[in-house]
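# A look at the structure
In case you want the letters, here they are:
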Amino acid sequence: MELVLRATRLSVAKHNDPAAEAALIDRCRKQDPVAFGRFVDAYQARVFGFVRRMVANPEEAADVTQDVFIRAFQHFERFDGRSSVRTWLFRIAYNLCVDKARKADRSPIDTSLTVGDEGEDTIDIADSRWQPDRLTLDGELADVVEQGIATMSEKLRTVLLLHDREDMAYEEIAALVGIPVGTVKSRLFLARAHLQNVLKEYLSGSMPEVQA
Amino acid sequence: MSERREINLDERLASAGQTQVRELVKGLADETPSMAWRSGLNEQILAMAAAKQKKRNLFGWVWKPAVGLALAGALAGVFLIRTQPETRPTVARPALEARLVMAHQDAVWSQDAAGAGLSPADARATEVQLEPTWTEEDLSSL
């Protein structure tokens, strides 16, 4: 099966200048709406992407994402700099997503939390043009991965998204979620193994039609 | 988690299969929220900022004048206390003071001599002459 992949990768705006970011954060602490607008510009796509994959309903995901930034604006003066502002923001997002999931009584498919022997072999994705460091997934493969993420438990999904999409360190994730570093690694391994199984099923043709 | 098991897990997380899945997840497209979403958020942020500014202004209107008045009053009080002279007041007319003292003493003496009710003027009118008016001839006639 030949998969067509886009050659471009969507990049996320990141503050590369620490001094400029520090000045922006300082103004946000004083609840400067203009400065906070720039802060939202920098993080809205990433936060929305995280929340959208944590909360099933797209409309609810939009509402939760708004709530994340509203809370951040209200409580920015309490941000003390002990963690990065990104960690602080995603902690707000994670807590709101967990609250939403509890209210919705969402029951994802339970995945065994025991690390087994699976999950280390590569999957033969038949596209020689796929260069992982440059390409964005598109089309069916992206849908398969998204579905795989949606069907794993909230515990595995959280760690997978924070580590593999947000490039957070194990220690950051451990502090954010409130679990040991070893548990972060175990959950990450299991989350990836789950996705591998989903992809294998899809590529072998045994997976039901992907719902976009 | 034991150190050996953790090292084993680190190695497995770095395996080719795990790395491949990581790249697949990283390659998923980002989604930017809609303009309507952003517009709604901006409105809420501006409303909160305006409400906070209103509170600050109210605080300024009420408390700043009160604090100013209190400070002014405190300064005035300090100034008044410090400018009061510490020397005893001087008497402008000593003669008058002496006459007043004499009048008081007369009153006390007259009370001692004749009891209450007798004014100093009466006491002076009936004062006992200190110099005798009789002579030795008066004595021989007795």
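Model, not experiment: these values are computed from the prediction. Each chain has its residues counted from 1, following the order in which its sequence is written. Note on labels: chains are lettered from A, ligands numbered from 1, in written order. pLDDT decides what is reported in this predicted model: residues at 70 or higher carry local features, side-chain atom pairs at 80 or more are listed and counted, and totals for whole chains, interfaces and linings draw on all residues regardless. With hydrogens and water stripped out, all remaining heavy atoms of the structure feed into the side-chain values.

## Quick look at the overall build of chain A
Going along the chain from the N terminus, every DSSP run of H or I of four or more residues is numbered as a helix, and every run of E of two or more is numbered as a strand. In terms of regular secondary structure, chain A is built from eight helices and zero strands. Helices (α) and strands (β) of chain A occur, in sequence order from the N terminus, as α-α-α-α-α-α-α-α. Note on classification: 1.4 Å probe, protein chains only; a residue is buried when its accessible area is under 20% of the maximum for its type, exposed when over 50%, partly exposed between these limits. Counting over 212 residues, chain A shows a buried share of 49%. Taking contacts inside chain A between residues at least 6 apart in sequence as the whole, the part at least 24 apart equals 75%. Calculation of accessible area relied on Shrake-Rupley with a 1.4 Å probe; when residues are assessed, cover is drawn exclusively from the protein chains displayed. For chain A, the exposed area adds up to about 10500 Å²; of that, 47% sits on carbon and sulfur atoms. Between two residues, a contact is recorded if the distance between any of their heavy atoms is within 4.5 Å.

## Notes on the overall build of chain B
Of regular secondary structure, chain B possesses six helices and zero strands. Secondary structure elements of chain B occur, N-terminal to C-terminal, as α-α-α-α-α-α. A burial count over chain B gives 15% of its 142 residues as buried. Of the accessible surface of chain B, which amounts to about 11700 Å², a share of 61% is contributed by carbon and sulfur atoms.

## Some remarks on the environment of arginine 29 of chain A
Residue and element names in this part refer to chain A. One can find arginine 29 in helix 1 (residues 18–29). Among the residues examined, arginine 29 registers a relative accessible area of 26% and is labelled partly exposed. Sequence-distant contacts of arginine 29, that is, excluding residues within four places in its chain, are made with Phe76, Glu77, Phe79, Asp80 and Gly81.

## Here we look at the pattern of salt bridges
Salt bridge, as applied in this entry: a Lys or Arg side-chain nitrogen positioned within 4 Å of an Asp or Glu carboxyl oxygen. Taken as a whole and assessed by the stated rule, the structure comprises 16 salt bridges over all chains. In this structure, the salt-bridge partner of lysine 185 of chain A is aspartate 10 of chain B, at a minimum N-O distance of 2.9 Å. Pair noted here: lysine 185 of chain A is in helix 8 (residues 181–203) and aspartate 10 of chain B is in helix 1 (residues 3–13), and the two residues belong to different chains. Accessibility expressed as a relative area gives 5% for lysine 185 of chain A, which makes it buried. Via salt bridges that share partners, Asp164, Asp167 and Arg192 of chain A together with Arg22 and Lys26 of chain B belong to a single interconnected network.

## Side note on the side chain of aspartate 164 of chain A
Mapped onto the fold, aspartate 164 of chain A is located in helix 6 (residues 154–165). A relative accessible area of 0% means that aspartate 164 of chain A is categorised as buried. In protein, a polar contact means a hydrogen-donor-capable atom and an acceptor-capable atom, both N or O and within 3.5 Å, with residues adjacent in sequence counting only if both atoms are side-chain atoms; elsewhere, any N or O pair within 3.5 Å suffices. Engagement of the side chain of aspartate 164 of chain A in a polar contact is seen with the side chain of histidine 163 of chain A, the distance being 2.8 Å. A distance of 2.8 Å separates the side chain of aspartate 164 of chain A from the side chain of arginine 192 of chain A, its partner in a polar contact. Every residue in contact with aspartate 164 of chain A, bar those within four places of it in the chain, is listed here: Val159, Leu188 and Arg192 of chain A together with Arg22, Val25 and Lys26 of chain B.

## Concerning the side chain of histidine 194 of chain A
Residue and element names in this part refer to chain A. Take histidine 194: it is sitting in helix 8. Using a relative accessible area of 15% as the deciding quantity, one classes histidine 194 as buried. Polar contacts involving the side chain of histidine 194 include one to the side chain of threonine 151, which spans 3.2 Å.

## With respect to helix 2 (residues 33–54) of chain A
Remark: the principal bend of helix 2 of chain A, roughly 50 degrees, maps to tyrosine 43 of chain A. With 17 of 22 residues buried, helix 2 of chain A lies mostly within the body of the structure. Bend at a given residue is defined as the angle between two axes, one fitted to the seven residues that end at that position and one fitted to the seven that begin there.

## Observations regarding the packing of aromatic side chains
All names here are of chain A. The pairing test for Phe, Tyr and Trp rings, Trp by its six-membered ring, is centres within 6.5 Å, and the orientation test on the planes gives stacked under 30 degrees, edge-to-face over 60, and tilted for anything in between. Inspection of the entire model under this criterion finds 10 aromatic pairs over all chains. Judged by centre distance (5.1 Å) and plane angle (65 degrees), the rings of phenylalanine 36 and phenylalanine 73 are edge-to-face. Of this pair, phenylalanine 36 sits in helix 2 while phenylalanine 73 is found in helix 3 (residues 58–75), placing the two residues 37 residues apart along the sequence. Taking the relative accessible area as the measure of exposure, phenylalanine 73 reaches 1% and is therefore buried.

## Let's talk about the nonpolar core
Residues and elements named next belong to chain A. Remark: nonpolar core denotes a set of buried residues (Ala, Val, Leu, Ile, Met, Phe, Trp, Tyr, Cys) joined through side-chain atoms within 4.5 Å. Ranked by size, the top nonpolar core spans 72 residues in total, and within it Phe36, Phe39, Val47, Phe50, Val51, Phe69 and Phe76 carry the most contacts. Looking at this core element by element, the count peaks at 11 residues for helix 2. Setting aside its immediate chain neighbours within four residues, valine 47 contacts Thr65, Val68, Phe69, Leu89, Phe90 and Ala93.

## Quick notes on a nonpolar patch on the surface
Put simply, a patch holds well-exposed residues, over 30% relative accessible area, that have no salt bridge, with like charges counted together within 9 Å and Val, Leu, Ile, Met, Phe, Trp or Tyr side chains within 5 Å. Together, Leu58, Phe59, Trp61, Val62, Trp63, Val67 and Leu71 of chain B give the surface a local cluster of nonpolar side chains, amounting to about 850 Å² of exposed area. Along the chain, tryptophan 63 of chain B falls in helix 3 (residues 35–83).

## Observations regarding the environment of aspartate 30 of chain B
Inspection of the secondary structure assignment puts aspartate 30 of chain B in the loop between helix 2 (16–26) and helix 3. A residue is classified by how much of its surface remains accessible, and aspartate 30 of chain B, at 18% relative accessible area, is buried. Here the side chain of aspartate 30 of chain B touches arginine 165 of chain A through a polar contact of 2.4 Å, side chain to side chain.

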